[in-house]
Amino acid sequence: MDRRDVLRAVAALPLLPVLPSAAFAQTYPTRNITMIVPFPAGGQADLAARPVAQALERILGKAVIVDNRAGGAGGSVGNAAAARAEPDGHTLLMTLSSLAVLPEADRLFDRPVAYEVSQFMPIARVLADPTLLAVPASAPWKTAQDFVEDAKKRPGEITYGSSGPYGTLHVAMEMFANSAGIKLLHVPFRGAGPALTALLSGTVQGIAAAPGTLKPQVDDGKLRVLGNCGAQRIASFPDIPTFQELGYKDVEMYIWAGLFAQSSLPAPIATRLREAMGQVMTSPDVLKTFDTSGSLVAYQDAPAFSEFVAADSSRLIAAVRKIGRVE
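Asks: Describe the packing of helix α3 (residues 44-60) against helix α10 (residues 267-280), naming the residues involved and giving the relevant values.
Replies: Remark: α3 packs on α10, axes separated minimally by 9 Å, with the N-to-C direction vectors making an angle of 115°. α10 is crossed by α3, and the crossing has right-handed handedness. Here Val52, Ala55, Leu56, Ile59 and Leu60 of α3 come into contact with α10, specifically with Arg272, Leu273, Ala276, Met277, Gln279 and Val280. Here the residues of the contact of α3 with α10 sort into nine nonpolar, one polar and one charged.

Structure (structure tokens):
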């Protein structure tokens, strides 16, 4: 093809509007924004999403609607829906650390992979709490050691709830059980909220969940926390020892919540969202909401959050492979 053929071919291409980056960003958003939360209300992702959505509305000038897209599978259904959405900034995802675990679980069971982490662009980390082991206040176990000793006497009889197979709550409990040499009975639910309800009603006997999810129930005298999956004790439960302190060196699990968009999101919109989230995460109202809940803000902008996701995902995927195929 000579130069004249190339020019004719180029001239035949449809014309696309060319907007300067600044102008492109100023047009966003053009309609209401949907923030998918792949779990029912009451869990860590929902706790993170609602104050963030309210603050984003004020900054962006359009309604930000929290859509609890809970279809089971530990958040996989909602994550996949966000991955498939148009990459125009009008469908966002507030999800948890299980984001990278779920595709690995699909591969472990030779199932079709619902989505890949590479389909997402990290925008901002919101929260990052260790998971805590909680039991009913009426339970006979006063310490984590009491729990372990009883579980060793009754393998597979003590039940625990989770947000679904290979979700954050499931992996945390299996990590603890593996390290302690005990066998527990897993009862999956559609999210942390329903799992917590099951614990309060006596349907299950334990749960691993975020501090902000548990604190109101502990303060009301309904639940007791036995152990902390983080590397350090936390301010909202300063008297609760870490599992590493108790000798379970392999137990380290965090339940972080972060905002994502599609990986092909135009750069100007991504920049606008990052700027907006920077304002959100320094808003006194938002900080107060999270502080009251017992989950302190753990904000990271996109570059740092991307590095964090990569490192945490690598550790969690290794944990899932070690746990293997469990139901």
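That was the structure; now back to the text.
Asks: Describe in detail the sheet that holds strand β3 (residues 91-96), supporting the description with residues and values.
Replies: With mixed pairing, six strands are arranged side by side in an open sheet as β2-β1-β3-β10-β4-β11. On the outer flanks of this sheet lie β2 (64-68) and β11 (297-301), each paired with one strand and no other. In this sheet, neighbouring strand axes are inclined to one another by 20° on average, regardless of whether the strands run parallel or antiparallel. Pairing geometry for strand β1 (residues 33-37) and β3, over three bridges, is parallel. Its bridge partner being in β3, Ile36 is matched across the sheet by Leu93.

Asks: Provide a residue-level description of the pattern of salt bridges, including the pertinent values.
Replies: Following the criterion strictly, the structure yields 13 salt bridges and no others. The residue Arg50 makes a salt bridge to Asp46 at a minimum N-O spacing of 3.0 Å. Taken as a pair, Arg50 and Asp46 lie in helix α3 at a separation of four residues, close to a single helical turn. Owing to a relative accessible area of 7%, Asp46 belongs among the buried residues under this scheme. Its salt-bridge partner being Arg69, residue Asp67 comes within 2.7 Å of it at the nearest N-O pair.

Asks: Help me get a handle on the environment of Leu60, residues and values and all.
Replies: Among the structural elements, Leu60 can be located in helix α3. Sequence separation between Leu60 and Ala276 is 216 residues; the distance between their C-alpha atoms is 7.4 Å. Apart from the residues lying within four places of it in its own chain, the contact partners of Leu60 are Tyr28, Pro29, Ile33, Arg272, Leu273 and Ala276.

Asks: Which residues make up the packing of α3 against helix α11 (residues 284-293), and what are the values?
Replies: The interhelical angle for the contact between α3 and α11, taken along N-to-C directions, is 170°, at an axis separation of 10 Å. Classed by the angle they form, the pair α3 and α11 counts as roughly antiparallel. Touching Leu47, Ala48, Pro51, Val52, Ala55 and Arg58 of α3 are Asp285, Val286, Thr289, Phe290 and Ser293, all from α11. Residues of the contact of α3 with α11, tallied by class, amount to seven nonpolar, two polar and two charged.

Rules of the game
Residues numbered from 1 in each chain as written. Predicted model: local features only at pLDDT ≥ 70, side-chain atom pairs only at ≥ 80, totals over all residues. Heavy atoms only, no water. Axes fitted to C-alpha atoms, helices over the stretch in contact; angles between N-to-C directions. Helix = DSSP H or I, 4+ residues; strand = E, 2+ residues; numbered from the N terminus. Left-handed = near helix turned anticlockwise from the far one by under 90°. Contact = heavy atoms within 4.5 Å. Nonpolar A, V, L, I, M, F, W, Y, C, P; charged D, E, K, R; others polar. Pairing = 2+ DSSP bridges. Salt bridge = Lys/Arg side-chain N within 4 Å of Asp/Glu carboxyl O. Buried < 20%, exposed > 50% of the residue type's maximum accessible area, 1.4 Å probe, protein only. Parallel < 35°, antiparallel > 145°, perpendicular 65-115°, else oblique.

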